[in-house]
Amino acid sequence: MRIRTLLVLLVIALIAGFAALNWPAFTTPSPLNLGLSTVEAPLGLAMLGLIVFITLAFAVYVAVWQASILMETRRHAKELQAQRTLADQAEASRFTELRAVLHAELERLEQRIDAAQESLRADIRDGTNSLAAMLGEIDDRTRPRLPNAAP
């Protein structure tokens, strides 16, 4: 139990013990002035009844207050869950959008790589053809000429 509950129970027990020890004084009738009239009744029992009534009223007030706080907490929890769900959906949407952007970027890079490879192949082909032509020309120049061959 919490300390507050134990403290309330201790106070109630002390009041009950005090009333039990002084029960003859509590039940002794005395004249009570009610404002408009005077009544002969035990003052102790009237005061004890007022204490019980105030305690019950306070207990009801605390119960209603805790119930309203509990309902408010639940409402906040539901709102928080709804906001969390919206945030998760927004995050999933951003991930989907990011995936689409990355896919498009990868396709664009793949096209650029393919174009660069084709360009490199063409440059290598041209270089190979130039080199072959140069080697052929060098071969023609360095080959001994036959006497019967026309220049």
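Structure: see above.
Reference entry: report on the structure contained in this document. Nothing here was measured: the structure is a model prediction, and the numbers come from that model.

1. Structural notes on the overall build of the protein
When helices and strands are tallied, the protein shows three helices and two strands. Reading the protein from its N end, one meets helices and strands in the order α-α-β-β-α. Over its C-alpha atoms the protein spans a radius of gyration of 51 Å, topping by over 25% the 15 Å that the globule rule assigns to 151 residues. For the protein, the C-alpha atoms occupy an extent of roughly 165 × 30 × 15 Å along the three principal directions. Considering only intrachain contacts with a sequence separation of at least 6, the fraction spanning at least 24 residues in the protein is 14%. Just so you have it, the protein exposes about 13500 Å², and 68% of that area is on carbon and sulfur atoms. In the protein, which carries 15 positive and 16 negative side-chain charges, the distance between the mean positions of the two groups comes to 7 Å.

2. Looking at the packing of aromatic side chains
Under the definition given, this model contains two aromatic pairs. Between phenylalanine 18 and phenylalanine 26 the ring centres are 6.0 Å apart and the planes differ by 80 degrees, which places this aromatic pair in the edge-to-face class. Using a relative accessible area of 12% as the deciding quantity, one classes phenylalanine 26 as buried. Taken together, a centroid distance of 6.5 Å and an interplanar angle of 20 degrees make the contact between tryptophan 23 and phenylalanine 26 stacked. Taken as a pair, tryptophan 23 and phenylalanine 26 lie in helix H2 (residues 23–27) at a separation of three residues, close to a single helical turn. Relative accessible area serves as the criterion here: at 40%, tryptophan 23 is assigned to the partly exposed category.

3. Notes on the pairing of strand S2 (residues 38–42)
Regular strands place side chains that alternate from one sheet face to the opposite one. Sheet topology places strand S1 (residues 29–33) next to S2; five bridges connect them, and they run antiparallel. Each bridged residue has a counterpart across the sheet, and for proline 31 the counterpart in S2 is glutamate 40. Counting the residues between successive antiparallel strands, the hairpin from S1 to S2 contains four residues, one of them, glycine 35, with a positive phi of roughly 100 degrees.

4. Notes on the pattern of salt bridges
Under the defined criterion, the tally for this structure stands at five salt bridges. Between arginine 75 and glutamate 79 there is a salt bridge whose closest N-O contact spans 2.6 Å. Pair noted here: arginine 75 and glutamate 79 are both in helix H3 (residues 43–142), with a separation of four residues, about one helical turn. Given a relative accessible area of 38%, arginine 75 falls into the partly exposed group. As a salt-bridge pair, glutamate 118 and arginine 121 come within 3.5 Å of each other at their nearest N and O atoms. Here the residue glutamate 118 and the residue arginine 121 both occupy positions in helix H3, the gap between them amounting to three residues, near one helical turn.

5. Some points on a nonpolar patch on the surface
Taken together, the side chains of Leu7, Leu10, Val11, Leu14, Ile15 and Ile51 define a hydrophobic patch exposed on the protein surface, amounting to about 520 Å² of accessible area. In terms of residue count, the dominant contributor to the nonpolar patch is helix H1 (residues 3–21) (five residues). Among the secondary structure elements, leucine 7 is positioned in helix H1. Taking relative accessible area as the criterion, leucine 7 reaches 52% and is therefore assigned exposed.

6. What about the environment of valine 39?
Examined against the element boundaries, valine 39 turns out to sit in strand S2. A relative accessible area of 33% means that valine 39 is categorised as partly exposed. A C-alpha to C-alpha distance of 9.5 Å links valine 39 and proline 29, two positions ten residues apart in sequence. Residues in contact with valine 39, not counting those within four places in the same chain, are Ser30, Pro31, Leu32 and Leu34.

Conventions adopted
Residues numbered from 1 in each chain as written. Predicted model: local features only at pLDDT ≥ 70, side-chain atom pairs only at ≥ 80, totals over all residues. Heavy atoms only, no water. Helix = DSSP H or I, 4+ residues; strand = E, 2+ residues; numbered from the N terminus. Rg over C-alpha atoms; globule rule 2.2 N^0.38 Å. Contact = heavy atoms within 4.5 Å. Areas by Shrake-Rupley, 256 points an atom, 1.4 Å probe, with all protein chains shown as cover. Lys, Arg positive; Asp, Glu negative; His and termini not counted. Charge placed at Lys NZ, Arg CZ, Asp CG, Glu CD. Phe/Tyr/Trp six-rings, centres within 6.5 Å; stacked < 30°, edge-to-face > 60°. Buried < 20%, exposed > 50% of the residue type's maximum accessible area, 1.4 Å probe, protein only. Pairing = 2+ DSSP bridges. Salt bridge = Lys/Arg side-chain N within 4 Å of Asp/Glu carboxyl O. Patch = residues over 30% accessible without salt bridge, like charges linked within 9 Å, V, L, I, M, F, W, Y side chains within 5 Å.

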